[in-house]
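Structural overview for review
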Amino acid sequence: MMNGKIVVTGASGWVGRTILEMLSNTLSSDEFEARVCGFGSKERRVDLFNGKELLLKPLTDLPMMARTKKPLDWILHCAFLTPDHYQQLGAETYSCLNREISSIVRESILSSNAAPRVVTFSSGAATLVEQ
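None of the values given here were measured: they were computed from a predicted structure.

About the criteria used
Every residue gets a number counted from 1 within its own chain, in the order that chain's sequence is written. Per-residue local features of the predicted model are confined to residues with pLDDT of at least 70, and side-chain atom pairs are confined, for both listing and counting, to 80 or more; whole-chain, interface and lining totals are unaffected and use all residues. As a rule here, side-chain values cover all heavy atoms of the structure and leave hydrogens and water aside. For the purposes of this entry, the term helix denotes a DSSP run of H or I that reaches at least four residues, the term strand denotes a run of E that reaches at least two, and both are numbered from the N terminus. Relative accessible area decides the class of each residue, using a 1.4 Å probe on protein chains only: under 20% of the type maximum gives buried, over 50% gives exposed, and in between gives partly exposed. Contacts are assigned to residue pairs that have any heavy atoms within 4.5 Å of one another. Definition of a polar contact: a pair of N or O atoms within 3.5 Å, with one able to donate and the other able to accept a hydrogen when the atoms are protein atoms, and with sequence-neighbouring residues admitted only if both atoms are side-chain atoms. Every case where a carboxyl oxygen of Asp or Glu lies within 4 Å of a side-chain nitrogen of Lys or Arg is listed as a salt bridge. DSSP bridges decide pairing: two strands pair if at least two such bridges lie between them. Orientation is described by lines fitted to C-alpha atoms, with helices fitted over the stretch in contact, and by angles between N-to-C directions that extend from 0 to 180 degrees.

It is worth spelling out the environment of lysine 52 at this point. With respect to the element layout, lysine 52 can be found in the loop between strand 3 (44-47) and strand 4 (53-58). The exposure class of lysine 52 is partly exposed, given its relative accessible area of 29%. Sequence-wise, lysine 52 and histidine 85 are 33 residues apart; in three dimensions their C-alpha atoms are separated by 29 Å. With near-sequence residues (within four places) excluded, lysine 52 lies in contact with Ser24, Ser29, Val46 and Asp47. One polar contact links the side chain of lysine 52 to the main-chain carbonyl oxygen of serine 24, over a distance of 3.2 Å.

Next up on the list: the pattern of salt bridges. All chains considered together, the criterion is met by three salt bridges. We note a salt bridge from glutamate 31 to arginine 35, for which the minimum N-O separation is 3.1 Å. Residue glutamate 31 and its partner arginine 35 are both found in helix 2 (residues 29-35); the two are separated by four residues, about one turn of the helix. Taking relative accessible area as the criterion, glutamate 31 reaches 34% and is therefore assigned partly exposed. Glutamate 53 is paired through a salt bridge with arginine 45; the nearest N and O atoms lie 3.7 Å apart.

Attention now moves to the sheet that holds strand 3. On the basis of which strands lie adjacent, the open sheet formed by six strands has the order 3-4-2-1-5-6 and mixed pairing. The sheet is open, and its two edges are formed by strand 3 and strand 6 (117-120), each paired on a single side. Put simply, the sheet's adjacent strands are angled 30 degrees from each other on average, direction ignored. Sheet topology note: the strand 1 (residues 5-9)/strand 2 (residues 36-40) ladder contains four bridges and is parallel. Looking at the pairing, threonine 9 lines up with phenylalanine 39 of strand 2. Where helix 1 (residues 14-26) meets the sheet, its contacts fall on strand 1, strand 2, strand 3, strand 4 and strand 5 (72-77), and the angle it forms with strand 1 comes to roughly 155 degrees. Across the sheet, helix 5 (residues 91-111) is in contact with strand 1, strand 5 and strand 6; its angle to strand 5 comes to roughly 170 degrees.

Here's what the structure looks like:
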């Protein structure tokens, strides 16, 4: 079992929300509330599939949290633009925005009082290579 503080980025997306759902079903309500923190593109409430509600913090707040709060033990990183944004944004903007997201998470890891374990999930993390 995962011990310590657990951060889920991209928590409003399908993968992030599913991870939150699984954690909320595995941990007691008090443990879930104390140990799990969700981050998204902006502050908002999300309804989990099991009816529980969670307030997400904006991803840009994660580096500050890493510096000032209890050390981050786990970062479950799901925050990337999904491939459906590629056509709308174009390769350069799409890649740039995904790099900005990765940079925020990297800064959080480096700012943390501990060395968190990081797991990345996303089809949006892939890079397009034109030949």
